[in-house]
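# Inside the fold
Spelled out from the first residue to the last, the chains are:
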Amino acid sequence: MAFVDRYPAAARTARICLWIAFAAFGVGALFGLIQALHRTNTLRIIPSADYYTILTGHGVLLGLVFTTFGIAGLFHWANTRSLGVAPTNERLTQGWLWTMTIGTVLAAATILAGLFDWIPASADVLYTFYAPLEAHPLFYIGAALLIVGSWGAGLDWFLQYREWRESNPDARIPLQSFMVLTTMLMWYLCSLGVAIEVVVFLIPWSLGLISQVDPLLTRTLFWYFGHPVVYFWLLPAYLVWYTVLPKLSGGRLFSDPLARVTFVLFLLLSTPVGFHHQYTDPGIASGYKLVAMTNTFFLLLPSLLTLFTVVASMEHGARQQGAGGRLAWLTNLPWERPEFSGVALAGIMFAAGGFSGMINAGMNINYLIHNTIWVPGHFHLTVGTAYALTLMAISYWLIPQLTGKRLQFRGLAAIQPFVWFVGMVLMSNAMHRGGLAGIPRRTAEPQYEQVSFDAVVGTVGEMRIQIAIGGTLLFLGAVMFLAVMFGTWALGKPDSQLRVNGSIPEPLSGAEESPRVLDNLVLWTAIAVALVLLAYGVPLYDMVADGIHFPGSAPFPE
Amino acid sequence: MHVHRFERLWFGASLVLIVAFIGTIVYGAVGPGVAMVDDSGGTVEPSVIADGNYDQVDNFREPGVYDTDDGVEVYVVARQYLFQPGTSEAIEVPAGEPVTFHVTSPDVTHGFNLAGTNVNSMVIPGQIAEFTVTFDEPGEHGIVCHEYCGDGHHTMEGQVVVVEESQFDGGDS
């Protein structure tokens, strides 16, 4: 029985979330193409001043909207499926769905208004919205609503868990639900920073109620949220890699206990790392930066464990199907099936992104690449591939279960992950190398009069060509994906023969082999809060004590 | 708790890798002495800088290059969309001598990056970024503002010219 037949209401909610995510993805991908062609001087259809509006739209639509709605859809399915309990409160579900949607519309409309001179609103403050660059108040209000809505979604899943717990007082939390709940606890903890930044400072300031805000304080609150949000994007991909990828490879997950350890480590370590985005910031003592760096490097541990599990699960799956050889098993994997190939390629690309992330995390090595095009090269591998390609690939498997319709254009779907992969290899390697040459990120112009960029390997011109071709292929990959989704929605008919098997096999080592303390969410949350206080308590106190609106002012507005 | 032997090995190797990474960076700080941009530059009220009342600030001087007993001091104001000095006149500094930069902004957040080097700092209103560099050889380095600062951001650039110590004229007095 397909998911949609068992839980029709939950399937509908998940579908709505995913359709909104895909719509945002389409617009954001188009903006990405415009940027890739503009800043490589390939094709210029907008004035350079409008580049930043397009860039803001790309960052917000992909980094906040596509991700948050995609995660909501995926988690709504995963939590319901693994607990076997339907969402308990339909009005709550409607409430968070509407809150997130209204927030998205407000923020997106304010950004797009920046393209039209006759609309007195704009928000070209980029994804990071560093004060004192100012956006229209509706942008900040929209962003706040999107985040508050996501809190409601988390509440929905915790209520489902409570209902399940009442009838299963002694059982271990089912693995997928465990992953959903720990991810949301991490999200509550980290999004508090951006919520305070936006609600307490940016909204009153943009409305003119207070005259200024402290740039360093608001920036620090942003990065308090700005790095853990990356794990909010990645953990849903990890959920897929741990629970669905082994099955798609033909086997089963190795170890349920180690998967739990991984997620607990993310809950503990994700938030107290934000200062590593501020290594080159004045006004922050180097000791705080060192603490954040240490945490950041230990955060490598759960990712390295995941790398092991991803590769080992694929190998195990292939060997279950009779494959042999040291590496020959790789050819026995079902590469022709997009749900497998996409997820596998996303996992492989993430390893490359992880390595460049280690460079970002190194306090003194970071000097060479901070705010260069290296950085977008890095996160196009993490969020732009690990998350995005995983979500696309798993949609080929999930959407039939959520709609009851067979996937259409399967041939197109089968080549789509490879198009994305090749596009990303070209674009991200050129971006990484461009960063080593000192080419800055976030700029509309590739050339400067007083500055020359010397490539370490290859030439700057060749990098530009790769970025233009890579960006074009990525846009093509996005269009192919959307065509398959739109075709399935419009042409597919309800069908009892879905050709998708939604069941997930039990892991080799089950939860019963792990200590019960792993399921103690209260304990882990308490430790996570303590670590955050340790990393952020004193520096934030310093910044507030020297004047909450600007350094040297009284802590209260005059 | 049952953990597969290969998983245990991987776990251990990962921990070694992590500790080694942290070790190299700590070595970089205490051995070669790679210093971080930190809070040593102090804070300043941005409107004072905007109005050019540098005499009211005890930790920031009028923008320019000063040759002092402790080395060369360079005071730079980064604003939409220029470095002062840097953009209309290059910052001239001697090779082989420590040069301390003090950079601040009166308006929005900017960046100060010598392209292709590890001279790289954010410029945040209200804070003075202070960092010391020794240029080994004469040459020219382009300064890029690498933080988006408004729709003219891509026009914000400048230059540092490193000259032989004998040719350095000592800058402003």
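Above: the structure in question.
Criteria and cut-off values
Residues numbered from 1 in each chain as written. Chains lettered and ligands numbered in written order. Predicted model: local features only at pLDDT ≥ 70, side-chain atom pairs only at ≥ 80, totals over all residues. Heavy atoms only, no water. Helix = DSSP H or I, 4+ residues; strand = E, 2+ residues; numbered from the N terminus. Buried < 20%, exposed > 50% of the residue type's maximum accessible area, 1.4 Å probe, protein only. Areas by Shrake-Rupley, 256 points an atom, 1.4 Å probe, with all protein chains shown as cover. Contact = heavy atoms within 4.5 Å. Buried area = accessible area lost by both parts, 1.4 Å probe. Salt bridge = Lys/Arg side-chain N within 4 Å of Asp/Glu carboxyl O. Nonpolar A, V, L, I, M, F, W, Y, C, P; charged D, E, K, R; others polar. Patch = residues over 30% accessible without salt bridge, like charges linked within 9 Å, V, L, I, M, F, W, Y side chains within 5 Å. Polar contact = N/O pair within 3.5 Å; in protein donor to acceptor, adjacent residues only side chain to side chain. Disulfide = S-S within 2.5 Å. Pairing = 2+ DSSP bridges. Axes fitted to C-alpha atoms, helices over the stretch in contact; angles between N-to-C directions. Parallel < 35°, antiparallel > 145°, perpendicular 65-115°, else oblique. Left-handed = near helix turned anticlockwise from the far one by under 90°. Phe/Tyr/Trp six-rings, centres within 6.5 Å; stacked < 30°, edge-to-face > 60°.

## So, the overall build of chain B
Broken down by element type, chain B carries two helices and 10 strands. Reading chain B from its N terminus to its C terminus gives the helix and strand order α-α-β-β-β-β-β-β-β-β-β-β. For chain B, buried positions account for 53% of its 173 residues. Taken as a whole, chain B presents about 7500 Å² of accessible surface, with 48% of it coming from carbon and sulfur.

## Some words on the interface of chain A and chain B
Taken together, the contact between chain A and chain B spans 68 residues of the former and 58 residues of the latter. Sorting the residues of chain A by area buried against chain B places P282, Y367 and Q450 of chain A first, and these three jointly supply 14% of that buried surface. Taken together, chain A and chain B are joined by one salt bridge. Its salt-bridge partner being R442 of chain A, residue E147 of chain B comes within 2.7 Å of it at the nearest N-O pair. Mapped by element, the contributors of at least two residues to the side of chain A that touches chain B are α3 (48-83), α7 (215-226), α10 (256-269), α11 (286-298), α12 (300-320) and α14 (366-369) of chain A. With seven residues, α12 of chain A is the single largest residue contributor to the side of chain A that touches chain B. A breakdown of the residues in the side of chain A that touches chain B according to their chemical character gives 41 nonpolar, 17 polar and 10 charged.

## Quick word on a nonpolar patch on the surface
On the surface, L192, I196, V199 and V200 of chain A cluster together into a nonpolar patch covering about 320 Å² of accessible area. On the secondary structure map, V199 of chain A appears in helix α6 (residues 175-206).

## Here's the deal with the side chain of N295 of chain A
Residue and element names in this part refer to chain A. Topologically, N295 is positioned in helix α11. On the basis of relative accessibility, which here comes to 13%, the residue N295 falls in the buried class. A polar contact is formed between the side chain of N295 and the backbone oxygen of P272, at a distance of 3.0 Å. When sequence neighbours within four positions are dropped, the list of residues in contact with N295 reads L269, P272 and V273.

## Let's talk about the state of the cysteines
All names here are of chain B. Taken as a whole, this structure holds zero disulfides over all chains when the rule is applied. C149 provides the cysteine sulfur closest to C145, a residue in no disulfide bond, and the two sulfurs are 3.9 Å apart. When its relative accessible area of 0% is taken as the criterion, C145 is described as buried.

## Comments concerning the pairing of strand β10 (residues 157-163) of chain B
All names here are of chain B. Within β10, seven of the seven residues are buried, leaving the element largely enclosed by the surrounding structure. What you see with β10 is no split at all: E157, Q159, V161 and V163 on one side and G158, V160 and V162 on the other are buried throughout. Taken together, the four bridges between strand β4 (residues 91-94) and β10 define a ladder with parallel strand orientation. The residue of β10 that forms the bridge with V93 is V162. Pairing of strand β9 (residues 139-144) with β10, which is carried by six bridges, proceeds in the antiparallel orientation. From the neighbouring strand, I143 faces β10, where its bridge partner is G158.

## Some thoughts on the packing of helix α15 (residues 374-403) of chain A against helix α17 (residues 460-491) of chain A
Residue and element names in this part refer to chain A. One can describe the packing of α15 onto α17 by two numbers: an axis separation of 11 Å at closest approach and a directional angle of 15 degrees. Between α15 and α17, the angle is such that the two are roughly parallel. Relative to α17, the crossing made by α15 is left-handed. Side by side, α15 and α17 meet where M392, S395, Y396 and I399 of the first sit next to F481, V484, M485 and T488 of the second. Partitioned by chemical class, the residues of the contact of α15 with α17 number six nonpolar, two polar and no charged.

## Considerations on the packing of helix α2 (residues 8-39) of chain A against helix α4 (residues 90-113) of chain A
All names here are of chain A. At a minimum axis separation of 11 Å, α2 and α4 run at an interaxial angle of 10 degrees. The angle between α2 and α4 places the two elements in the roughly parallel class. Listed contacts from α4 to A9, R12, T13, I16, C17, I20 and F31 of α2 are E90, T93, Q94, W96, L97, T101 and L112.

## Digging into the sheet that holds strand β6 (residues 110-114) of chain B
Residue and element names in this part refer to chain B. Strand order in the open sheet formed by five strands is β4-β10-β9-β6-β7, with mixed pairing between adjacent strands. The open sheet has two edge strands with one neighbour each: β4 and β7 (120-123). When strand polarity is set aside, the average angle formed by the axes of neighbouring strands in this sheet is 20 degrees.

## A look at the packing of aromatic side chains
All names here are of chain A. A full pass over the atoms with the stated rule returns 47 aromatic pairs over all chains. An angle of 50 degrees between the planes, with centres 6.4 Å apart, marks the rings of Y127 and W233 as tilted. Remark: W233 occurs in helix α8 (residues 228-243) and Y127 occurs in the loop between α4 and α5 (137-167); sequence separation between them is 106 residues. With centroids separated by 6.0 Å and ring planes inclined at 55 degrees, the aromatic side chains of W187 and F225 adopt a geometry described as tilted. With W187 in helix α6 and F225 in helix α7, this pair connects stretches of sequence that are 38 residues apart. The exposure class of W187 is buried, given its relative accessible area of 1%. The exposure class of F225 is buried, given its relative accessible area of 2%. An aromatic cluster is built from Y127, F129, Y130, F139, Y140, W187, F222, W223, F225, F232 and W233, whose rings are joined through pairwise contacts.

In short, shape yes, function no, at least from these values alone.
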